[in-house]
Amino acid sequence: MANIQYFMALLAALVIGVFLIKKITGCIFRIVIAVIMLAIIGWALTVLHLL
């Protein structure tokens, strides 16, 4: 019976871990894209001598 409880705890930890990694990765990906876009806009404004 202890083996089933160990398996269930391991499965729950795996599901929670995957869920958290998915949420964190999505947020980090959006931040990286936003920083890249801001850098491109800043570069473009510098090249056009508007900044």
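A word on the overall build of the chain. Of regular secondary structure, the chain possesses one helix and zero strands. Scaling as 2.2 N^0.38, a compact globule of 51 residues should have a C-alpha radius of gyration of about 10 Å, whereas the chain reaches 22 Å, well beyond that. Summarising its shape, the C-alpha atoms of the chain cover approximately 70 × 10 × 10 Å along the three principal directions. The buried share of the chain, taken over its 51 residues, is 0%. For the chain, the accessible area works out to roughly 4900 Å², and carbon and sulfur atoms hold 83% of it.

Let us look at the environment of Leu11. Tracing the chain through its elements places Leu11 in helix α1 (residues 2–47). Judged by its relative accessible area of 40%, Leu11 is partly exposed. Leu11 sits 32 residues away from Trp43 along the chain, and the two C-alpha atoms are 48 Å apart.

Residues Ile16, Phe19, Leu20, Ile24, Ile28, Phe29, Val32, Ile33, Ile36, Met37 and Ile40 make up a contiguous nonpolar surface patch of roughly 1000 Å² in combined accessible area. Relative to the helices and strands, Ile28 is located in helix α1. Here Ile28 falls in the partly exposed class, since its relative accessible area comes to 47%.

Procedures and definitions
- Residues numbered from 1 in each chain as written.
- Predicted model: local features only at pLDDT ≥ 70, side-chain atom pairs only at ≥ 80, totals over all residues.
- Heavy atoms only, no water.
- Helix = DSSP H or I, 4+ residues; strand = E, 2+ residues; numbered from the N terminus.
- Rg over C-alpha atoms; globule rule 2.2 N^0.38 Å.
- Buried < 20%, exposed > 50% of the residue type's maximum accessible area, 1.4 Å probe, protein only.
- Areas by Shrake-Rupley, 256 points an atom, 1.4 Å probe, with all protein chains shown as cover.
- Patch = residues over 30% accessible without salt bridge, like charges linked within 9 Å, V, L, I, M, F, W, Y side chains within 5 Å.
- Salt bridge = Lys/Arg side-chain N within 4 Å of Asp/Glu carboxyl O.

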